[in-house]
Amino acid sequence: DQQVKQNSPSLSVQEGRISILNCDYTNSMFDYFLWYKKYPAEGPTFLISISSIKDKNEDGRFTVFLNKSAKHLSLHIVPSQPGDSAVYFCAASGVSYNQGGKLIFGQGTELSVKP
Amino acid sequence: GAGVSQTPSNKVTEKGKYVELRCDPISGHTALYWYRQSLGQGPEFLIYFQGTGAADDSGLPNDRFFAVRPEGSVSTLKIQRTERGDSAVYLCASSLRAGQVYEQYFGPGTRLTVT
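Rules behind the numbers
- Residues numbered from 1 in each chain as written.
- Chains lettered and ligands numbered in written order.
- Predicted model: local features only at pLDDT ≥ 70, side-chain atom pairs only at ≥ 80, totals over all residues.
- Heavy atoms only, no water.
- Patch = residues over 30% accessible without salt bridge, like charges linked within 9 Å, V, L, I, M, F, W, Y side chains within 5 Å.
- Areas by Shrake-Rupley, 256 points an atom, 1.4 Å probe, with all protein chains shown as cover.
- Salt bridge = Lys/Arg side-chain N within 4 Å of Asp/Glu carboxyl O.
- Helix = DSSP H or I, 4+ residues; strand = E, 2+ residues; numbered from the N terminus.
- Core = buried A, V, L, I, M, F, W, Y, C linked by side-chain atoms within 4.5 Å.
- Buried < 20%, exposed > 50% of the residue type's maximum accessible area, 1.4 Å probe, protein only.
- Contact = heavy atoms within 4.5 Å.
- Pairing = 2+ DSSP bridges.
- Axes fitted to C-alpha atoms, helices over the stretch in contact; angles between N-to-C directions.
- 1 Å grid on protein atoms, 1.4 Å probe; cavity = no way out; pocket = protein on both sides within 12 Å on 5 of 7 lines; lining within 4 Å.
- Points joined across faces, edges and corners; volume = space filled by probe spheres on them.
- Nonpolar A, V, L, I, M, F, W, Y, C, P; charged D, E, K, R; others polar.
- Buried area = accessible area lost by both parts, 1.4 Å probe.

(A) Region of interest: a nonpolar patch on the surface. Residues Ile18(A), Ile20(A) and Val78(A) make up a contiguous nonpolar surface patch of roughly 230 Å² in combined accessible area. Counting through the fold element by element, Ile20(A) comes out in strand β3 (residues 19-25).

Dropping the structure here:
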């Protein structure tokens with residue numbers, strides 16, 4: 001049972017344009033969401049997070065939007081740069097679900113930014 | 001500064017053999033997590049430690065898998081009687097403390113191949 005889903009395995013975007021990566025979740029007990037970025041042969045690195053009490057969090061070129069009623073979040077990258085090419089994972093955790101902060105990941109979306 | 005390190009980076013073993021995978025967390029981090037990433041999937045939670053004790057091992061797939069962290073620092077994931085389905089990248093992460101607000105820093109992973 002996939003509790004966190006990223007339905008697009010890949011996305012290709014032109015440099016300078018916006019990249020939008022989507023994520024859906026099913027467990028309403030999740031209350032904290034994160035995006036991780038992964039390059040080949042490296043571990044995932046934290047990008048940005050959002051608590052369920054917010055609907056938007058921004059950090060430089062990266063913005064995460066949360067729609068709790070739809071159980072949907074998205075990551076916007078503006079402007080996209082070739083160095084952003086990587087696999088992006090959406091992840092979720094919940095205080096009431098587990099106190100330890102264990103993460104439930106989606107399958108990932110491979111972003112390719114073309115020069 | 002030193003990040004999370006994992007050894008070996010690659011391990012090839014025959015079906016039925018025993019393997020140990022090692023994780024060195026960031027110094028001072030009290031929480032340590034193990035995840036497994038199969039091809040085309042996101043990381044899947046296995047177990048986490050707060051200090052020396054396993055606080056949540058609900059993700060371990062069966063009793064062939066076991067993990068220890070005897071001194072609250074280095075952790076070893078042990079797999080007995082390996083099966084071909086165990087082939088995956090095993091990721092370790094550490095955080096200052098257990099909890100969703102503490103960033104998890106991932107190591108590069110150990111790629112396990114069971115032939």
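(B) How the structure looks around the nonpolar core. Counting 24 residues, the largest nonpolar core has Val4(A), Phe33(A), Trp35(A), Leu73(A), Leu75(A) and Tyr88(A) as its most contacted members. Elements that contribute at least two residues to this core include exactly β3, β4 (32-38), β5 (45-51), β7 (62-67), β8 (72-77), β9 (86-93) and β11 (109-114) of chain A. Here Tyr88(A) is in contact with Gln6(A), Leu21(A), Trp35(A), Tyr36(A), Lys37(A), Leu47(A), Leu75(A), Ile77(A), Gly108(A), Thr109(A) and Leu111(A), once residues within four sequence places are set aside. Judged by nonpolar contacts, the second largest core, of 20 residues, contains Val4(B), Ile26(B), Ile79(B) and Cys92(B).

(C) Representation of the sheet that holds strand β3 (residues 19-24) of chain B. Residues and elements named next belong to chain B. A sheet is described by the order of its strands in space; here 4 strands give the open sequence β1-β3-β8-β7, paired in antiparallel fashion. Edge strands, defined here as strands with exactly one partner in the open sheet, are β1 (5-7) and β7 (65-68). On average, each strand axis in the sheet is inclined to that of its neighbour by 15 degrees, with strand direction left out of account. Taken together, the 3 bridges between β1 and β3 define a ladder with antiparallel strand orientation. Across the sheet, residue Gln6 finds its bridge partner in β3, namely Cys23.

(D) Spotlight on the layout of surface pockets. In this structure, the largest pocket encloses a volume near 650 Å³. In terms of lining residues, the largest pocket is bounded by 29 residues, among which Lys38(A), Gln37(B), Leu39(B), Val89(B) and Arg111(B) are the most central. Those elements giving two or more residues to the lining of the largest pocket turn out to be β9 and β11 of chain A together with β9 (88-95) and β11 (110-114) of chain B. Broken down by class, the residue content of the lining of the largest pocket amounts to 12 nonpolar, 13 polar and 4 charged. Of the pockets and cavities examined, the second largest pocket occupies roughly 380 Å³. As for the second largest pocket, its lining consists of 18 residues, of which Ile104(A), Phe105(A), Pro43(B), Glu44(B) and Phe45(B) are closest to the centre. Going through the elements one at a time, β10 (104-105) of chain A together with β5 (44-50) of chain B are the ones with two or more residues in the lining of the second largest pocket. When its residues are assigned to classes, the lining of the second largest pocket shows 6 nonpolar, 8 polar and 4 charged.

(E) Spotlight on the interface of chain A and chain B. At the junction of the two partners, chain A supplies 23 residues and chain B supplies 21 residues. Across the chain A/chain B interface, buried area totals approximately 1,600 Å², and carbon plus sulfur atoms make up 54% of it. Counting the surface chain A buries against chain B, the share from its top three residues, Gly100(A), Lys102(A) and Phe105(A), is 28%. Connecting chain A to chain B are 1 salt bridge. For Lys102(A), the salt bridge identified is with Asp56(B), shortest N-O distance 3.3 Å.

(F) Here's a closer look at empty space enclosed by the protein. Applying the stated rule across the entire model yields 1 cavity of 30 Å³ or more. Of the pockets and cavities examined, the largest cavity occupies roughly 30 Å³. Lining of the largest cavity is provided by Leu34(A), Tyr36(A), Gly101(A), Leu103(A), Gly99(B), Gln100(B), Tyr102(B), Glu103(B) and Gln104(B). Each residue belonging to the lining of the largest cavity can be placed in one class, and the counts come to 4 nonpolar, 4 polar and 1 charged.

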